[in-house]
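Residue-level listing of the chains:
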Amino acid sequence: MNRLVEKINFGYGDMYVYGEADFEANQVMQEPLEKLFKFEKTEEENHWRYFIKLNNSNDFVVDCEVLSEGLPLCGGDFTVAKCFLRIEELIEWVKENTFLENEDYHIECYII
């Protein structure tokens, strides 16, 4: 994602910079540029979702309790598929709640 505002360290501290503006304009606008930078970062982080997809089908794991007879699956319906904000969480959940091995599934990432 291309950001409007970048954070640059000049050695004496951080400065928030809008690429279209000159140094003086960026210097005057530090507070609003910092807010925009943080907003863009939050928006970027909040849109990515990680899903468990089985290798032998087009099915995703459903977001519900794991059943003794197997994992509940759905075709490609993201409204019911189990998703995670971080890959580490997904891997930990798979290890603790399923019998899946690494070769049984892969991780797909989508912006939701």
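Residues numbered from 1 in each chain as written. Predicted model: local features only at pLDDT ≥ 70, side-chain atom pairs only at ≥ 80, totals over all residues. Heavy atoms only, no water.

With respect to helix H3 (residues 87–97)
Each α-helix winds once per 3.6 residues, and so residues spaced three or four apart point in a common direction.
Phase 1 of the analysis: Within H3, burial applies to Leu 90, Trp 93 and Val 94. Seen along its axis, H3 keeps its buried residues to an arc of 100 degrees; they face one direction. Across H3 from its buried face, at more than 90 degrees, point the exposed residues Glu 88, Lys 95 and Glu 96.
Phase 2 of the analysis: Structurally, H3 contributes buried residues whose contacts are with strand E3 (48–54), strand E4 (60–61), strand E6 (83–84) and strand E7 (105–111). (Buried < 20%, exposed > 50% of the residue type's maximum accessible area, 1.4 Å probe, protein only. Helix = DSSP H or I, 4+ residues; strand = E, 2+ residues; numbered from the N terminus. Arc of directions from axis to C-beta. Contact = heavy atoms within 4.5 Å.)

Regarding the pairing of strand E1 (residues 5–9)
Side-chain positions along a regular strand alternate between the two faces of the sheet.
Phase 1 of the analysis: Sheet topology note: the E1/strand E2 (residues 14–18) ladder contains 5 bridges and is antiparallel. Bridged to Lys 7 within E2 is Tyr 16.
Phase 2 of the analysis: Taking the residues that link successive antiparallel strands as the turn, the E1-E2 hairpin has 4 residues, and the phi of Gly 11 there is positive, at about 100 degrees. (Pairing = 2+ DSSP bridges.)

A word on the packing of aromatic side chains
Phase 1 of the analysis: Counting across every chain of the model gives 5 aromatic pairs.
Phase 2 of the analysis: Between the aromatic rings of Phe 60 and Tyr 110, the centroid separation amounts to 6.3 Å while the plane-to-plane angle is 70 degrees, which identifies the pairing as edge-to-face. Linking Phe 60 in strand E4 with Tyr 110 in strand E7, this pair joins segments that are 50 residues apart in sequence.
Phase 3 of the analysis: For Phe 60, a relative accessible area of 3% gives the class buried. (Phe/Tyr/Trp six-rings, centres within 6.5 Å; stacked < 30°, edge-to-face > 60°.)

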